[in-house]
2 protein chains.
Amino acid sequence: MCVDMVERAKSGHPGAPMGMADFVYVLWKNFLRFNPQAPDWMFRDRFIMSGGHASSLLYSMLHLWGYELPLDELKKFRQWGSLTPGHPEYGEIPGVEFTTGPLGQGLAAAVGMAMSAKCLQARFPDAPIKHNVFVTLGEGDLMEGVSQEAISLAGHWCLDNLVVLFDQNNITIEGPADLAFTEDVRAGFEARGWAVKKARGNDHEHIENVISGALFEYYPTLIICETVIGDGSPNKAGDSSCHGAPLGVDEVRATKRALKWSNEKNFFVPDQVRTRFDELKNEKFRQYRQWHREMQIWRDKNPNDSRVLSNLLQGDNSEKTISAPDCSKISSAATRVHSGKIIQELSSSNAQLMGGCADLAPSCKTIIKSSSFIGLEGDGVESGFIGRNIHYGVREHAMAAIMNGIAVYGWQLPFGGTFLVFSDYMRPAIRLAAMMQLRVVYVFTHDSFWVGEDGPTHQPIEHLPALRLIPGITVIRPANFIETEMAWKWALTEANGPVALALSRQTIPEFELPDDFKPEQVLKGAYEVYNSGDGGGTKVNFLATGSEVSTSIQCAQKLSDENIPTRVVSVPSVEIFKSQAEEYISSILDHDGLWVSVEASSQDWSSLIGRNALMVRIDHFGASAPGSILADKFGFTAEAIYKKVKNKL
Amino acid sequence: MCVDMVERAKSGHPGAPMGMADFVYVLWKNFLRFNPQAPDWMFRDRFIMSGGHASSLLYSMLHLWGYELPLDELKKFRQWGSLTPGHPEYGEIPGVEFTTGPLGQGLAAAVGMAMSAKCLQARFPDAPIKHNVFVTLGEGDLMEGVSQEAISLAGHWCLDNLVVLFDQNNITIEGPADLAFTEDVRAGFEARGWAVKKARGNDHEHIENVISGALFEYYPTLIICETVIGDGSPNKAGDSSCHGAPLGVDEVRATKRALKWSNEKNFFVPDQVRTRFDELKNEKFRQYRQWHREMQIWRDKNPNDSRVLSNLLQGDNSEKTISAPDCSKISSAATRVHSGKIIQELSSSNAQLMGGCADLAPSCKTIIKSSSFIGLEGDGVESGFIGRNIHYGVREHAMAAIMNGIAVYGWQLPFGGTFLVFSDYMRPAIRLAAMMQLRVVYVFTHDSFWVGEDGPTHQPIEHLPALRLIPGITVIRPANFIETEMAWKWALTEANGPVALALSRQTIPEFELPDDFKPEQVLKGAYEVYNSGDGGGTKVNFLATGSEVSTSIQCAQKLSDENIPTRVVSVPSVEIFKSQAEEYISSILDHDGLWVSVEASSQDWSSLIGRNALMVRIDHFGASAPGSILADKFGFTAEAIYKKVKNKL
């Protein structure tokens, strides 16, 4: 079937599906806990095809097992509007657990799923909710750095509910895998605390025994599957020519003949196969009903825990109404400090919130203080997963990819911190979060050259605009306490995709808000924070974000002292602002006079305020010196901006 | 001294420098081949401090050894304009071999340096040019995925000229390293083909013996240095509190007392230390002169090889004059195919060019066909490094970081290929290349949704604008053969920083160029490729790049058939265009009428053509279907653009 799919599409990857078919068949038949009629069953096993180019195998399995994926869809493999795109797409196809294709991401997400599953199980140790996460992957996945980071963490956390089937076919696109990959895979995994097993392809009983053994391990397990790429193809098996191109009409025929298929028709499923799968499906339904009964018994016995569990699974239980804090009581601080305080408040009302940081927690202020860190230092294997904080180590990429897995798994809302400049390490995973519309929050602190002494390698310049470019992400850069609080609340209650918070390292002076200020205004994405009223001369409109809002207000006040009318618009989030009604956008932007943008990044604001605006920005790398010195050198003081505005007027 | 530097700056990292001081001292004294008076000596050993936050130790060594780094500069640690920024900056400070700080990058670059050194040595096996690359790093470096990728490649390539000193102080910012790092480091490195040794701190003779042993290994060697963070500090040694914050005045005094320093003055170097370093320096000078004599003997004996070596080291020997190919002979093809042909031509005239790809060479067309791949499959250890192609495996990040090391090492100009969408995996290394102004070329193919069937995970949307944001990079997206050729020539002869080529997967029809077309126009970054002449009505100005140039010309022709005057400006490179004289820029942009931008990315062109321009772009994720179907669905056919323009007119 996979062969036919690739053949008809005239493109795709037939080799890996053919090699791994036996393993995946045995896994689904004998081990995978699932119900095709309830694909969202929370306690199903997860099956992640990390090497997503083998998608035709996944689609074939989903079809044969009776997921809503009719044969007609399989015939439209890799075509517009079909349910069988080139790589599996989460949310589009029932039974697809994660969008894979960019290598390494599926494995790292599976680590997040396995971890999140253990966090839930740790709270209800007696409930029949334990289950497993299975992954298939190839050499390419293992070569990626993000995989290596995730493998290290899985071993560190001792995720015994994670089983990885490594399709060792020794072939990559450029040829034999040993052209670039000569690691001792077994020793490498064992060094990271994994159990490792070997299995030969084709022999189903043998495969069954090996997987069965893996589930008895106290560690995450790697099964090295000795397969042949394009297995079954008489002339192309074992060769890189069948990795990423159709076999060709003749070879497809030869393959079917070699496999002794009675019928050479395309997309042909013999009756006995259909019958066999019907039997297997019935067995899965039986198991599912059995589980349901056990669960009901547990729920009856543990009414309180049952209620807690339901609440946790129901999703977000934070307050939906947004109340304004008493701003007069807020003292000036860095927005990362504000954020740290807000996290404490939110985490107590929102049990789903799961924190973490890439070894910068003391700087990023990401720790949920009322809880512990996950890990095995507790008084038992499971108790280590009660915590709501994660030490990711210096592994930004795995952090982002694991957060994707946590978010997809379904009951936690993960946030993770690092410096904004290191968002570059995380982009492939952030992009997937955006594509899958996952609810994750990135706490990016140290958000401009104001980082200071650490110098250019640690000072973001292009990162704010570069993040804003990712379709579907929301970037919020708050200017004070209330904007930070509203940003967090928006992330928890309104967002339907990833949210990146950009927070300052340095203290930002709290500024006076207009009398008629309402916190809801922040969630319009842009709003007026200062207006001197009309006066003589040309009006000056400032558009500023984050730490530059207070600077702009200072500058505006100075100008209005000279009778130049000014207003300052704070823009915590361009994406949210652009999603407002045309009328609101006009009410903010359609103002005559000079427009001045102030943001300590290289953002080009022409599309909002035109080419003739004065843009106070920085489009070169930073330097090592105290932040205030840099502000002076780079022209970001109120005084320097004032001079630029006067020149322009 | 390090302690005083951090103390005076009131910020920085005292712990690691104190722990590693003994190792670095012994390494420099007994092993490192260098001459402070000739810091650019090609055959010096390289010393890379991958954990760049320990910079104060590096600066102290450079100062004591007599590099041009006076004590006054050490006193200005982390201050504006000093030669002692927070993290080491390449090009700013004599003796600093690489800009480090973002963890993992230094190690991966060192792998590139060691590899490039072996490539040179392989050509002159008898010349006295063998030398080593030494790296210091900490747990943080090892946790990063890019390190893991580079470690795997170093082992695969058997880089016996690479020695890594791992500062195992068991402390990270969040606390003990085992909070997130419990790997068996020795087993992990051995699994990747490294030799591993252990050494205790403090005992100089022991350290000397271990390093000496490492240099006899046939493999890259890891030395696990058992150190104590903040060694010498009576109250803070071994604690994360001394990782990233000053010790404090009292603790500094206590430390100096504990070390029995006779003088508690700050930045005090005792006379006997100065005298000792003078002796050591003289020994290094003696060694350097000795090497010079040996080299001269080799040069006298091998006049031909000597000449070849000098030519190779002299840098770029490609033709500086740019000749136009006969465009009439060029048939339509994908620009990646054009690029593949051009690489063959350029690599024969430019011996420095070093190719490679992240397991996509057949797709990216990056192979230098006249040469082999590096590796050990040759008939001897060294002969494997004669090749000019590199199998990086599926390790995009390490590829970019290793290319940085190759470029810095000094005799090769590396290029590396992958799909444009995977540039996300490489951004931290690309940013460093831009910061260090390294000459590397990224061959990014499959540059838009035209990728087709592989679907949204493989279709770049935001990547072109996101790359253009990096300060100092040049992005070139050619539209036809001649633009591809000029792009390559510019990269090899004009660029003074990294160049990213964005090349199409799909065939682009060759279009007719104006009679007065000159290839040099391409290197203005933007130029007119079509002009219908004046006629009735509003003039329509197209601004297009890459595959959208020919589409725009088709559309323009259709409009001009209706007597609507049109012109099409091809913009192969925004960065090059913006660097032109104001006058030239005006001559291209200051044209009345409607402006229409056409690029299959989410680029916002407002800053060039204003907010009221018609922008044909794509700011959402792609889909899985043949490219031509997507062009139709996403509005990128000449017909669809024509309709949009007519609507707007």
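Residues numbered from 1 in each chain as written. Chains lettered and ligands numbered in written order. Predicted model: local features only at pLDDT ≥ 70, side-chain atom pairs only at ≥ 80, totals over all residues. Heavy atoms only, no water.

## Structural notes on the overall build of chain A
For step 1, the next point in the chain: For chain A, the count of helices and strands is 24 helices and 17 strands.
For step 2, the next point in the chain: Across its three principal axes, chain A shows a C-alpha extent of roughly 90 × 60 × 45 Å.
For step 3, the next point in the chain: Of all 649 residues assigned to chain A, the portion counted as buried reaches 66%.
For step 4, the next point in the chain: The contacts of chain A with a sequence gap of at least 6 include a subset with a gap of at least 24, amounting to 77%.
For step 5, the next point in the chain: Element-wise, carbon and sulfur atoms account for 47% of the exposed surface of chain A, whose accessible area totals about 22,100 Å². (Helix = DSSP H or I, 4+ residues; strand = E, 2+ residues; numbered from the N terminus. Buried < 20%, exposed > 50% of the residue type's maximum accessible area, 1.4 Å probe, protein only. Contact = heavy atoms within 4.5 Å. Areas by Shrake-Rupley, 256 points an atom, 1.4 Å probe, with all protein chains shown as cover.)

## Observations regarding the confidence of the model for chain A
For step 1, the next point in the chain: In the predicted model, chain A carries a mean pLDDT of 92, and the fraction of residues at 70 or more is 95%.
For step 2, the next point in the chain: Here the prediction assigns the complex a pTM of 0.97, and the interface score ipTM is 0.96. (pLDDT = per-residue confidence, 0-100.)

## Some remarks on the interface of chain B and chain A
For step 1, the next point in the chain: Contact residues are listed per partner, giving 97 residues for chain B and 97 residues for chain A.
For step 2, the next point in the chain: When chain B packs against chain A, close to 7,700 Å² is buried across both sides, 58% of that on carbon and sulfur atoms.
For step 3, the next point in the chain: One can count 6 salt bridges joining chain B with chain A.
For step 4, the next point in the chain: The partner of Asp454(B) in a salt bridge is Arg78(A), with the nearest N and O atoms 3.0 Å apart.
For step 5, the next point in the chain: Inspection of the chain B/chain A interface yields 46 residue pairs in polar contact (both at pLDDT 80 or more).
For step 6, the next point in the chain: Of the residues belonging to the side of chain B that touches chain A, the class tally is 45 nonpolar, 30 polar and 22 charged. (Buried area = accessible area lost by both parts, 1.4 Å probe. Salt bridge = Lys/Arg side-chain N within 4 Å of Asp/Glu carboxyl O. Polar contact = N/O pair within 3.5 Å; in protein donor to acceptor, adjacent residues only side chain to side chain. Nonpolar A, V, L, I, M, F, W, Y, C, P; charged D, E, K, R; others polar.)

## Thoughts on the pattern of salt bridges
For step 1, the next point in the chain: Tallying each qualifying case throughout the model produces 39 salt bridges over all chains.
For step 2, the next point in the chain: Its salt-bridge partner being Glu548(A), residue Arg477(A) comes within 2.8 Å of it at the nearest N-O pair. Within this pair, whereas Arg477(A) is found in the loop between strand S11 (474-476) and helix H18 (481-493), its partner Glu548(A) is found in helix H19 (residues 547-561), the two being separated by 71 residues in sequence. The pair Arg477(A) / Glu548(A) is uniform in exposure class, with both members buried.
For step 3, the next point in the chain: Of the charged contacts in the structure, one is a salt bridge between Arg286(B) and Glu283(B), with a shortest N-O distance of 2.9 Å. Separated by 3 residues within a single helix, Arg286(B) and Glu283(B) lie in helix H11 (residues 271-301), roughly one turn from each other.
For step 4, the next point in the chain: Accessibility expressed as a relative area gives 41% for Arg286(B), which makes it partly exposed.
For step 5, the next point in the chain: Among the charged side chains, a network of salt bridges with common partners joins Asp447(A), Arg477(A) and Glu548(A).

## Things to note about the side chain of Arg46(B)
Residue and element names in this part refer to chain B.
For step 1, the next point in the chain: Summarising the element assignment, Arg46 is placed in strand S1 (residues 46-49).
For step 2, the next point in the chain: For Arg46, which is buried and forms no salt bridge, the nearest opposite charge comes from Glu97, at a distance of 4.1 Å.
For step 3, the next point in the chain: In terms of polar contacts, Arg46 uses its side chain to reach the backbone carbonyl oxygen of Arg44, at 2.7 Å.
For step 4, the next point in the chain: When near neighbours in sequence (up to four residues on either side) are disregarded, Arg46 contacts Leu32, Trp41, Glu97, Met113, His131, Asn132, Val133, Phe134 and Tyr409. (Lys, Arg positive; Asp, Glu negative; His and termini not counted.)

## Topic: the packing of helix H2 (residues 15-31) of chain A against helix H9 (residues 204-214) of chain A
All names here are of chain A.
For step 1, the next point in the chain: It is at 10 Å that the axes of H2 and H9 come closest, and there the two elements cross at 60°. What the angle tells us is that H2 and H9 run oblique. Considering the relative orientation of H2 and H9, their crossing is right-handed. Between H2 and H9, the contacting residues are Asp22, Phe23, Tyr25, Val26, Leu27, Asn30 and Phe31 on the first element and His204, Ile207, Glu208, Ile211 and Ser212 on the second.
For step 2, the next point in the chain: Considering only residue class, the contact of H2 with H9 consists of 7 nonpolar, 3 polar and 2 charged. (Axes fitted to C-alpha atoms, helices over the stretch in contact; angles between N-to-C directions. Parallel < 35°, antiparallel > 145°, perpendicular 65-115°, else oblique. Left-handed = near helix turned anticlockwise from the far one by under 90°.)

## A look at the pairing of S1(B)
In the case of a regular strand, side chains alternate between the two sheet surfaces.
Residue and element names in this part refer to chain B.
For step 1, the next point in the chain: Along S1, one buried face is formed by Arg46 and Ile48 and the opposite face, lined by Phe47 and Met49, is buried too.
For step 2, the next point in the chain: For S1 and strand S2 (residues 133-138), the ladder comprises 4 bridges, and the chain directions are parallel. The residue bridging Phe47 from the neighbouring strand is Phe134, located in S2. (Pairing = 2+ DSSP bridges.)

## Brief notes about helix H19 (residues 547-561) of chain B
Residues and elements named next belong to chain B.
For step 1, the next point in the chain: Helix length check: H19, at 15 residues, gives a terminal C-alpha distance of 22 Å against a target of 21 Å (1.5 Å per residue), a fit within 8%.
For step 2, the next point in the chain: Among the residues of H19, Ser547, Glu548, Val549, Ser550, Thr551, Ser552, Ile553, Cys555, Ala556, Leu559 and Ser560 are the ones counted as buried.
For step 3, the next point in the chain: Residues of H19 that are buried sit in contact with strand S13 (527-531), strand S14 (540-544), strand S15 (566-570), strand S16 (594-598) and helix H24 (638-648). (Expected span 1.5 Å × (residues − 1).)

## Re the sheet that holds S14(B)
Residues and elements named next belong to chain B.
For step 1, the next point in the chain: Within the open sheet, the 5 strands sit side by side as S13-S15-S14-S16-S17. Their pairing is mixed. Both edges of this open sheet fall to S13 and strand S17 (614-616), since each of them pairs with a single strand only. Across this sheet, the average inter-strand angle for adjacent strands is 20°, counted without regard to direction.
For step 2, the next point in the chain: Judged from the 4 bridges that link them, S13 and S15 form a sheet pairing that is antiparallel. Along S15, the bridge assignment pairs Tyr530 with Val568.

## What to know about unusual backbone geometry
Most peptide bonds take the trans form, and the phi angle of most residues other than glycine is negative.
Residue and element names in this part refer to chain A.
For step 1, the next point in the chain: Of note, Cys158 is a non-glycine position whose phi angle comes to about 60°, a positive value.
For step 2, the next point in the chain: Within the secondary structure layout, Cys158 lies in the loop between helix H7 (145-157) and strand S3 (162-168).
For step 3, the next point in the chain: With phi around 60°, Lys365 is a residue other than glycine that occupies positive phi space.
For step 4, the next point in the chain: Residue placement: Lys365 occurs in the loop between helix H14 (361-364) and helix H15 (396-409).

## Some points on the relation of the copies chain B and chain A
For step 1, the next point in the chain: Of the two same-sequence chains, chain B is brought onto chain A (RMSD 0.0 Å, axial shift 0.0 Å) by a rotation of 180°. With respect to symmetry, the two chain copies, as superposed, fit the operation of a two-fold axis. By C-alpha distance to the rotation axis, the residue of chain B lying nearest is Gly145(B), at 1.8 Å. (Least-squares fit on C-alpha atoms with pLDDT ≥ 70 in both.)

## A word on the packing of aromatic side chains
For step 1, the next point in the chain: Applying the stated criterion to the full structure yields 48 aromatic pairs over all chains.
For step 2, the next point in the chain: For the pair Trp80(A) and Phe634(B), a centre-to-centre distance of 6.0 Å together with 70° between the ring planes defines the contact as edge-to-face. Of this pair, Trp80(A) sits in the loop between helix H4 (71-75) and helix H5 (105-123) while Phe634(B) sits in the loop between helix H23 (627-633) and H24, each in a different chain.
For step 3, the next point in the chain: With centroids separated by 5.3 Å and ring planes inclined at 85°, the aromatic side chains of Phe415(B) and Trp488(B) adopt a geometry described as edge-to-face. One end of the pair, Phe415(B), is in strand S9 (residues 413-419); the other, Trp488(B), is in helix H18 (residues 481-493), and 73 residues separate them in sequence. There is no split in this pair, since Phe415(B) and Trp488(B) are both buried.
For step 4, the next point in the chain: An aromatic cluster is defined as three or more aromatic residues linked by ring pairs; in this entry it consists of Tyr25(A), Trp28(A), Phe34(A), Phe47(A), Trp65(A), Tyr67(A) and Phe277(A). (Phe/Tyr/Trp six-rings, centres within 6.5 Å; stacked < 30°, edge-to-face > 60°.)

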